[in-house]
Amino acid sequence: EAGVAQSPRYKIIEKRQSVAFWCNPISGHATLYWYQQILGQGPKLLIQFQNNGVVDDSQLPKDRFSAERLKGVDSTLKIQPAKLEDSAVYLCASSPRASGSDHSKNIQYFGAGTRLSVL
Amino acid sequence: AQKVTQAQTEISVVEKEDVTLDCVYETRDTTYYLFWYKQPPSGELVFLIRRNSFDEQNEISGRYSWNFQKSTSSFNFTITASQVVDSAVYFCALKMDSSYKLIFGSGTRLLVRP
């Protein structure tokens, strides 16, 4: 079974430029997550999709970050304009849809991430 | 508020030594789940284990074992007879029953020297 695919693996941009990251989740996984991992820290959730709807974007800096999952499969995360503090690894994860309110089966599987450097 | 603390920033051991990675969590919920993930240099987070709050049985999987103690809010991870391939950053994470969100600790970098 193919894992979570992300591209590009690395990106270097200057501040105030725009950048986009792409994620293709594991086939059949309804839930998709974007996390930001700053060097030396654990990942922090930015946004969660259930199919093509947003479930939680409370930690997404909406003035500069946006994300979409138009057909309920792959997703794009965009930063515009980028700031120095956006330098981080952006991880995408996916999980199967849990039936009803049963969250117990919800294991998140992660991609290798995109390492962003903002100069 | 929910929180995960991994006080050990970095641990260095010689191959074949046993090593324990500590994880302490905070939550007021009675139903929750605890996870360990491994992040090798390639960057991908690899799922290792999930425990729910009602199951305090220790678990062993090969050289890996986990000790869950609700009384001390800890979920520690032991690697027996460590190997160079175990070198990675290990993250402990907490998830509430009412949410899909994972709350990660800051990670422990393990270096296993030959």
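Described below are features of the structure shown in this document.

What counts and how
- Residues numbered from 1 in each chain as written.
- Chains lettered and ligands numbered in written order.
- Predicted model: local features only at pLDDT ≥ 70, side-chain atom pairs only at ≥ 80, totals over all residues.
- Heavy atoms only, no water.
- Helix = DSSP H or I, 4+ residues; strand = E, 2+ residues; numbered from the N terminus.
- Rg over C-alpha atoms; globule rule 2.2 N^0.38 Å.
- Buried < 20%, exposed > 50% of the residue type's maximum accessible area, 1.4 Å probe, protein only.
- Contact = heavy atoms within 4.5 Å.
- Lys, Arg positive; Asp, Glu negative; His and termini not counted.
- Charge placed at Lys NZ, Arg CZ, Asp CG, Glu CD.
- Disulfide = S-S within 2.5 Å.
- Pairing = 2+ DSSP bridges.
- Phe/Tyr/Trp six-rings, centres within 6.5 Å; stacked < 30°, edge-to-face > 60°.

**Here we look at the overall build of chain A**
Broken down by element type, chain A carries zero helices and 11 strands. Its helices and strands in sequence order give chain A the pattern β-β-β-β-β-β-β-β-β-β-β, from N to C terminus. Here the C-alpha atoms of chain A give a radius of gyration of 14 Å, agreeing with the 14 Å that 2.2 N^0.38 yields for 119 residues. Out of the 119 residues belonging to chain A, those deemed buried represent 46%. Across chain A, contacts joining residues at least 24 apart in sequence account for 55% of those joining residues at least 6 apart. With 14 positive and 10 negative side-chain charges, chain A shows a separation of 3 Å between the mean positions of the two kinds.

**Observations concerning the state of the cysteines**
By the definition in use, this model includes two disulfides over all chains. Disulfide pairing places C23 of chain A opposite C92 of chain A at an S-S distance of 1.9 Å. Around the S-S axis, the bridge from C23 of chain A to C92 of chain A shows a dihedral of about -70 degrees and counts as left-handed. A residue pair is termed long-range when its members are at least 10 positions apart, and C23 of chain A in strand β3 (residues 19-24) and C92 of chain A in strand β9 (residues 88-95) qualify at 69 residues. In this model C23 of chain B forms its disulfide with C92 of chain B; the gap between the sulfur atoms is 2.0 Å. In this structure, the disulfide formed by C23 of chain B and C92 of chain B twists by about -65 degrees around the S-S bond and is classed as left-handed. You can see C23 of chain B sitting in the loop between β3 (19-21) and β4 (24-26) and its partner C92 of chain B sitting in strand β10 (residues 88-96), a full 69 residues away along the chain. We classify C92 of chain B as buried; its relative accessible area is 0%.

**Description of the pairing of β3 of chain A**
Residue and element names in this part refer to chain A. Burial along β3 is one-sided: the face carrying V19, F21 and C23 is buried and the face carrying A20, W22 and N24 is not. With three bridges joining them, strand β1 (residues 5-7) and β3 adopt antiparallel strand pairing. Looking at the pairing, A5 lines up with N24 of β3. Inspection of the sheet shows β3 paired to strand β8 (residues 75-79) by five bridges, in the antiparallel sense. Bridged to F21 within β8 is L77.

**Things to note about the environment of D63 of chain A**
Secondary-structure assignment places D63 of chain A in the loop between β6 (53-56) and β7 (65-68). Spatially, the C-alpha atoms of D63 of chain A and S75 of chain A are 19 Å apart, while their sequence positions differ by 12 residues.

**Regarding the packing of aromatic side chains**
This model, assessed by the stated rule, comprises 21 aromatic pairs over all chains. Judged by centre distance (5.0 Å) and plane angle (25 degrees), the rings of F21 of chain A and Y90 of chain A are stacked. Of the two residues, F21 of chain A is situated in strand β3 and Y90 of chain A in strand β9; the sequence distance between them amounts to 69 residues. In this structure, F21 of chain A and Y90 of chain A share a single accessibility class: buried. Ring geometry for F65 of chain A against Y90 of chain A: centres 6.3 Å apart, planes inclined by 40 degrees, an arrangement best described as tilted. Residue F65 of chain A is located in strand β7, and its partner Y90 of chain A is located in strand β9; the two are separated by 25 residues in the primary sequence. Exposure class is identical for F65 of chain A and Y90 of chain A. Each is buried. Here the aromatic residues Y33, Y35, Y109 and F110 of chain A together with F35, Y37, F47, F91 and F104 of chain B are joined through ring pairs into a cluster of three or more.

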